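Fold and geometry: a report
Take a look at the letters that make up each chain.
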Amino acid sequence: MFQETRMEQVRQAVLAYLRCHPGAADTAEGIACWWLPESLDVDAETVIRALDALVAEGRLRCHANADRHMVYARPARPPAD
C-alpha cells in the first residue's frame, strides 16, 4: 500500500511538472533528481514504475536517445485530464 501511494505521488508530481514545463524531457534519473519535490523520497524502482504507468496511459511517451538512455516526455497530443 505504501509503495502504491508513493507511486501515485510520483505520477502526480510528474504531471504537475509537465503542466508547468510542457516541453520537458528527461531520463528516469533526471526526473527523480529534477522534476520531483525534494520531500518526495522515493527509490528508482518506484519512479520507473510510475513513469511506465504514465506511458501505458498515454500521458507520457518514451524513446531511446542517441546514448540509448530512455527519455520520457509529454506526448504530442496528451490525453484530456
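Our subject in this report is the structure included herewith.

With respect to the pairing of strand β2 (residues 61-64)
Pairing of β2 with strand β3 (residues 70-73) involves four bridges; the strand directions are antiparallel. Across the sheet, the residue bridging to R61 is A73, located in β3. Connecting β2 to the antiparallel partner β3 that follows it, the hairpin turn spans five residues, and R68 within it adopts a positive phi of roughly 65 degrees.

A word on unusual backbone geometry
The phi angle at R68 is positive, at roughly 65 degrees, despite the residue not being glycine. When you line up the elements, R68 lands in the loop between β2 and β3. Residue R68 is classed as exposed on the basis of its relative accessible area, which comes to 74%.

Looking at helix α3 (residues 44-56)
Taking 1.5 Å per residue, 13 residues should reach 18 Å; α3 reaches 18 Å between its end C-alpha atoms and fits that length. Looking only at α3, the buried set comprises T46, V47, A50, L51, A53 and L54. The buried residues of α3 all sit within an arc of 155 degrees when viewed along its axis, so they share a single face. Exposed residues lying more than 90 degrees from the buried face of α3 are A44, E45 and A56. Looking at where α3 begins, the residue whose side-chain oxygen comes 3.1 Å from the main-chain nitrogen of E45 is D43.

Calculation criteria
- Residues numbered from 1 in each chain as written.
- Predicted model: local features only at pLDDT ≥ 70, side-chain atom pairs only at ≥ 80, totals over all residues.
- Heavy atoms only, no water.
- Pairing = 2+ DSSP bridges.
- Helix = DSSP H or I, 4+ residues; strand = E, 2+ residues; numbered from the N terminus.
- Buried < 20%, exposed > 50% of the residue type's maximum accessible area, 1.4 Å probe, protein only.
- Expected span 1.5 Å × (residues − 1).
- Arc of directions from axis to C-beta.
- Polar contact = N/O pair within 3.5 Å; in protein donor to acceptor, adjacent residues only side chain to side chain.

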